[in-house]
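Examining the three-dimensional arrangement
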Amino acid sequence: MKLHVLDCGAMSCDLTWLLLKPGRTIRPRAERDRPVEWYPCTTHAVLVETDEGSLLWDTSCPRDWETRWIPTGLQEFFPYDQVSDEQYLDAQLGRLGVSPDSLDYVVLSHLHFDHAGNVRMFAGTGARLVCNDKEKEFAFGYEGAFDGAHLKADYEGLDFQTVSGDTEILPGVTLIEAPGHTVGTMAMKVDLPETGTMIFTSDAVYMGDSYGPPATPAAIVNDLTAWYASVEKIRSIAERSDATVIFGHDAEQLRSLRTAPDGFYQ
Ligand SMILES: [Zn+2]
C-alpha cells in the first residue's frame, strides 16, 4: 500500500473565507485599519495504491480556471495563481507514471469548483467516479449553471456512483460522511501499515486553526450545526485510531508533508 500526496499549488484568497476567528480575520477596533490577510489556499489530491486497486481522492482546480469560473465570479476571489506547470493535476499524475485510465476509483470529497475541477479528465476511462449520495442530489438538482461554489461545467453529464454513510471502498480506505461544509462532504481515512492512520478531511476542516479545539468555522458553511458535529466526529475517529489529520487547505501543513513525486507514505 502506497499513498502519494499531490501538491497542486494554491489559490489566493482573503483568509476570512477560511477562518472566522477573532483576532485573526475578525478585527477588534484597534485593528480596524489593518489590511485583510491574503492566504495561499493550497489544494491537493491524494493517490492511494493498494493490491486491490487504486484510488484518486479529489481532482483540484482546472488549468482553464480563469475562464471556466467566470459565471461564478470566483476567479476574482480565489484565483488559482500560485501553481507551477508541474503542479497541475495532470502533470502530477504524469510525473508518477499514472495515466487517467489506470485508476479504479476517482472519489470526490464534494463537488466544489476546487475539488471537482479535473474530474472530467477521467470520464470514459473505466475509473468509477464516486461521491456522496446527498452531494450528487444537490449538485445535479439546482437550477442554473452554478450555486455558490458548485459549478455544473465541472461535472454535468458525468456518471457518478454514490456512497452513503461511512464506506470502506478499498481495504483500509474508508470514506467518512462529514456534512456541513456541503450536504455531502466526505473525509477519507487510510490505514497504512507503516505510517499508521491518516485522515484527509478535505473541506470538512479547512486548516489546523479550524480544527482547534475549539473548532472555528468558515464563511462558506452549508449547515453550521452539522459542520460542528462532523469536526467532532473526525476528532473522535482520529483519537481512536491515533491518526494524523490532514486538512483541506492548510498551506503550512502541506509544506511539512512528504509530497509526490519523490515523497510518499506506506
Ligand atoms: Zn469546498
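Residues numbered from 1 in each chain as written. Predicted model: local features only at pLDDT ≥ 70, side-chain atom pairs only at ≥ 80, totals over all residues. Heavy atoms only, no water.

If you look the protein chain up in an unreviewed UniProt entry, it shows as Metallo-beta-lactamase superfamily protein from Nonomuraea pusilla. Among the UniProt annotations of the protein chain, the heading Cofactor (unreviewed entry) holds the following wording: "Zn(2+)". (UniProt positions renumbered as here; feature names shortened; annotations may be inferred.)

Bringing the sheet that holds strand β10 (residues 173–177) into the picture now. Read across the sheet, five strands follow the order β9-β10-β11-β12-β13 without closing on themselves; strand pairing throughout is mixed. In this open sheet, the two edge strands, each paired with only one partner strand, are β9 (167–170) and β13 (244–246). For this sheet, the mean angle separating the axes of adjacent strands, direction not counted, is 25 degrees. Two elements, β9 and β10, share three bridges in a ladder whose sense is antiparallel. Its bridge partner being in β10, Thr167 is matched across the sheet by Leu175. This element, helix α7 (residues 224–241), spans β10, β11 (186–192), β12 (196–200) and β13 of the sheet and lies at about 170 degrees to β12. (Pairing = 2+ DSSP bridges. Helix = DSSP H or I, 4+ residues; strand = E, 2+ residues; numbered from the N terminus. Axes fitted to C-alpha atoms, helices over the stretch in contact; angles between N-to-C directions. Contact = heavy atoms within 4.5 Å.)

Turning to the nonpolar core, a few remarks are in order. Counting 46 residues, the largest nonpolar core has Leu56, Tyr80, Val106, Val119 and Phe160 as its most contacted members. Excluding anything up to four places from it in sequence, Phe160 contacts Leu108, Leu111, Val119, Leu129, Val130, Cys131, Lys136, Phe140 and Tyr155. Residues Leu55, Val130, Met188 and Ile246 belong to the second largest nonpolar core, which totals 24 residues. (Core = buried A, V, L, I, M, F, W, Y, C linked by side-chain atoms within 4.5 Å. Buried < 20%, exposed > 50% of the residue type's maximum accessible area, 1.4 Å probe, protein only.)

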